[in-house]
Amino acid sequence: MGKITYKRLKGSQNMRQRLLLATLRSTPILIEDIHADDTLPGLRPHEISLLRLFEKLTDDCFIEINETGTKLKYKPGIIVGGGKLVHDCGVSRAIGYFLEPLVLLGLFARKNLSIILKGITNDSKDPSVDTFRSTTFPMLKRFGVPSEGLKLEIKSRGVSPHGGGEVHLAVPMVQHLTATIWTDEGMVKRIRGEAFTTRVNAQNGHEMIYAARGIFNCLLPDVYIASDHRNRSEAGNSSGYGISLVAETTSGCCISADTTISSPRGEEADDIEGDDKKVRAAEVGKQIASLLLEEIEKGGVVDSTHQGMLFLLCALCPKDVSKVRVGKLSPYGIETLRQIRDFLDIKFVIKPDPNTGTVILKCWGSGMQNLSRKTS
């Protein structure tokens, strides 16, 4: 065996995209100075959990972390996927943090992926599992991912700080993605959503729905927000409530927004940052409805939280042109474009549209293929 050449990187930023793209391109990486200037330097619990997840999905993967956790050597293995996998995501980040890389790896795995994920299903930092089901999955279908075999079931909900949620994810493997021209935003034709409550009065869910509907019904008639009240074993280990909304357009775009409020009891109160527990449910409904309207106003075929994944899908397409329209580029979207350039050598042509305030991006795909899947 020859000597392994590592791509040298510095810093803790974009750890998720770096590990994902390194795995897809089979590029060994060496990352130094990970959270080196922090009070507690080194890899965070959710970053270590992500590495362990990648280890479960691949064969012959090599991970080496120094004593302080500030230096990581990662040599990707072959993406295997498979069934009967279980992973505890911990409670420092929600399951949504792990879903984006997990879904993309599953598409290019040797076997169809079926995995149980445990942890926090809904929080205010990462996209909720509801958003993945209602918004991310329809986006994947735009790129040729079959709806058969693409599934996300919420067995139990879990909120911060102690989680306790469980979801079952299934991702079908594909031979390759399909390049797309996706610039028509369409007009909003309906609003759908789900309000959940765990270990709190179900009335909180009804208040959120009533407040959100009060805003939307002034604009369009087709509004339906379901209620999902959980208790006992299906309610996780902490109390809270939240809401996930999606606006569906005439051209098939899905624009989403979601939030979660944790309502701890007793000693849990010290683990929650901010004044989340003081926010009334009706105010949460109004705030998230207003946030969704802001996302719609920005324009684009996806909302700001989905820009990164949209750009990754475009870059992983066959050697053909993909063209998409988004609103104002989000910081996460910009960082994703930089990582795509560094790992895949793909540069997007970015052209602002002054008439609509949106941005049109165009790229030539990297030609990523799943070599383990036989052609029919």
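Sequence order sets the numbering: in each chain, residues are counted from 1 along the sequence as written. Residue-level local features of this predicted model are given only where pLDDT is at least 70; pairs of side-chain atoms are given and counted only at 80 or more, and the full residue set underlies all totals for whole chains, interfaces and linings. Based on all heavy atoms of the structure, the side-chain values leave hydrogens and waters out of the count.

1. Section: the overall build of the protein
Alright, step 1. Scanning the protein from terminus to terminus reveals 8 helices and 18 strands.
Alright, step 2. We take the radius of gyration over the C-alpha atoms and set the globule estimate at 2.2 Å times the residue count to the 0.38 power. Relative to a compact globule of 376 residues, whose C-alpha radius of gyration would be 21 Å, the protein shows 21 Å and is just as compact.
Alright, step 3. The dimensions of the protein, computed from C-alpha atoms along their principal axes, are 65 × 50 × 45 Å.
Alright, step 4. As displayed, the protein has an accessible area near 17000 Å², and 48% of this comes from carbon and sulfur atoms.
Alright, step 5. Neither His nor the chain termini are counted; the positive set is Lys and Arg, and the negative set is Asp and Glu. Note that the charge is assigned to NZ on lysines, CZ on arginines, CG on aspartates and CD on glutamates. Seen as two clouds, the 49 positive and the 44 negative side-chain charges of the protein have centres 6 Å apart. Every helix listed is a DSSP run of H or I at least four residues long, and every strand listed is a run of E at least two residues long, numbered separately from the N terminus. Computed with the Shrake-Rupley method and a 1.4 Å probe, the accessible areas treat only the protein chains shown as cover for residues.

2. Quick notes on the pairing of strand β8 (residues 113-119)
Alright, step 1. Remark: exposure states derive from per-residue accessible area (1.4 Å probe, protein chains only) relative to the maximum for the residue type, with buried under 20%, exposed over 50%, and partly exposed in between. Residues Leu-113, Ile-115, Leu-117 and Gly-119 point to one face of β8 and are all buried, whereas Ser-114, Ile-116 and Lys-118, pointing to the other face, are not buried.
Alright, step 2. Clockwise travel from the first strand over the helix to the second, with the strands pointing away from the viewer, marks a crossover as right-handed. In this fold, strand β7 (residues 85-88) hands off to helix α3 (residues 95-107), which returns the chain to β8; that crossover is right-handed.
Alright, step 3. Note on pairing: two strands pair once DSSP finds at least 2 bridges between them. For β8 and strand β10 (residues 165-171), the ladder comprises 7 bridges, and the chain directions are antiparallel. Note that in β10 the partner of Ile-115 across the bridge is Leu-169.

3. A closer look at the packing of helix α1 (residues 15-24) against helix α8 (residues 331-344)
Alright, step 1. Only the stretch in contact is used when fitting a helix axis, every axis being a line fitted to C-alpha atoms; angles between N-to-C directions are given from 0 to 180 degrees. Where α1 meets α8, the closest approach of the two axes is 10 Å, and the angle between their N-to-C directions is 30°. Comparing the axis directions of α1 and α8 gives the class roughly parallel. Considering the relative orientation of α1 and α8, their crossing is right-handed. On α8, the residues touching Arg-16, Gln-17, Arg-18, Leu-21 and Ala-22 of α1 are Tyr-332, Thr-336, Gln-339, Ile-340, Phe-343 and Leu-344.
Alright, step 2. Think of it as three bins: nonpolar holds Ala, Val, Leu, Ile, Met, Phe, Trp, Tyr, Cys and Pro, charged holds Asp, Glu, Lys and Arg, and polar takes everything else, Gly as well. Its residues assigned to classes, the contact of α1 with α8 shows 6 nonpolar, 3 polar and 2 charged. Note on angle classes: values under 35 degrees are labelled roughly parallel, values over 145 roughly antiparallel, values of 65 to 115 roughly perpendicular, and the remainder oblique. In this scheme the handedness of a crossing depends on how the near helix is turned from the far one: anticlockwise by less than a right angle means left-handed, clockwise means right-handed. The contact criterion used is simple: two residues touch if any of their non-hydrogen atoms lie within 4.5 Å.

4. A closer look at the pattern of salt bridges
Alright, step 1. The term salt bridge refers to a pairing of a side-chain nitrogen on Lys or Arg with a carboxyl oxygen on Asp or Glu at a separation within 4 Å. Going through the model one piece at a time under the given rule, you end up with 19 salt bridges.
Alright, step 2. In this structure, the salt-bridge partner of Glu-194 is Arg-157, at a minimum N-O distance of 3.9 Å. A residue pair is termed long-range when its members are at least 10 positions apart, and Glu-194 in strand β12 (residues 188-198) and Arg-157 in the loop between β9 (151-156) and β10 qualify at 37 residues.
Alright, step 3. Judged by its relative accessible area of 21%, Glu-194 falls in the partly exposed class.
Alright, step 4. Among the salt bridges present, the one from Asp-228 reaches Arg-230, with a minimum N-O distance of 2.9 Å.
Alright, step 5. According to the relative accessible area criterion, Asp-228 is buried, its value standing at 11%.

5. A word on the packing of aromatic side chains
Alright, step 1. The criterion for an aromatic pair is that two Phe, Tyr or Trp rings (for Trp, the six-membered ring) have centres within 6.5 Å, with stacked assigned to planes under 30 degrees apart, edge-to-face to planes over 60 apart and tilted to the rest. Following the criterion strictly, the structure yields 2 aromatic pairs and no others.
Alright, step 2. Ring geometry for Tyr-97 against Phe-98: centres 5.2 Å apart, planes inclined by 85°, an arrangement best described as edge-to-face. Residues Tyr-97 and Phe-98 agree in their burial class; the two are buried.

6. Some points on the confidence of the model for the protein
Alright, step 1. On a scale of 0 to 100, pLDDT captures the predictor's confidence in every residue. On average, the protein scores 93 in pLDDT, and the residues at 70 or more come to 94%.
Alright, step 2. Ignoring residues within four places in sequence, the model shows residues 264-277, a span with pLDDT below 50, making 20 contacts including any to other chains.

7. Let's talk about the state of the cysteines
Alright, step 1. Disulfides are defined in this document as cysteine sulfur pairs within 2.5 Å. The tally for this structure, following the rule as stated, stands at 0 disulfides.
Alright, step 2. Here Cys-61 stays unpaired: no disulfide links it, and the sulfur of Cys-89, its closest cysteine neighbor, is 17 Å away.
Alright, step 3. For Cys-89, a relative accessible area of 1% translates into the label buried.

8. A few points about helix α2 (residues 45-57)
Alright, step 1. Any helix carries an expected span of 1.5 Å times its number of residues minus one. Its 13 residues give α2 an end-to-end C-alpha distance of 19 Å, which sits within 8% of 18 Å, the value for a rise of 1.5 Å per residue.
Alright, step 2. Those residues of α2 not exposed but buried are His-46, Glu-47, Ser-49, Leu-50, Leu-51, Leu-53, Phe-54 and Leu-57.

9. Examining the layout of surface pockets
Alright, step 1. One number sums up the size of the largest pocket: a volume of about 740 Å³.
Alright, step 2. Listed by contribution, the elements that provide at least two residues to the lining of the largest pocket are α1, α2, α3, α4 (129-142), β15 (254-262) and α6 (281-298). Using only the protein atoms, space was sampled on a 1 Å grid; points where a 1.4 Å probe fits but cannot get out form cavities, open sets with protein on both sides within 12 Å along at least five of seven lines form pockets, and lining residues are those with an atom within 4 Å of a point. Grid points are joined across faces, edges and corners, and a volume is the space filled by probe spheres set on the points.

10. A word on the environment of Pro-138
Alright, step 1. Tracing the chain through its elements places Pro-138 in helix α4.
Alright, step 2. By relative accessible area, which is 25% here, Pro-138 ends up partly exposed.
Alright, step 3. Sequence spacing of Pro-138 and Cys-254 is 116 residues, and the spatial spacing of their C-alpha atoms is 7.6 Å.

11. Some points on the packing of α2 against α3
Alright, step 1. Between α2 and α3, whose axes approach to 11 Å, the crossing angle comes to 20°. Classified by the angle their axes make, α2 and α3 are roughly parallel. For α2 against α3, the interelement crossing comes out right-handed. Contact with α2, carried on its side by His-46, Glu-47, Ser-49, Leu-50, Leu-53, Phe-54 and Leu-57, involves Tyr-97, Phe-98, Pro-101, Leu-102 and Leu-105 of α3 and no other residues of that element.

12. Observations regarding unusual backbone geometry
Alright, step 1. Of note, the bond from Ser-160 into Pro-161 is cis; its omega dihedral lies within 30 degrees of zero at 10°.
Alright, step 2. Mapped onto the secondary structure, Pro-161 falls in the loop between β9 and β10.
Alright, step 3. Even without being glycine, His-35 reaches a positive phi, approximately 50°.
Alright, step 4. Structurally, His-35 can be placed in the loop between β2 (29-32) and α2.
Alright, step 5. The phi dihedral of Arg-232 falls on the positive side, at around 55°, and the residue is not glycine.
Alright, step 6. Within the element layout of this structure, Arg-232 appears in the loop between β13 (223-230) and β14 (240-249).

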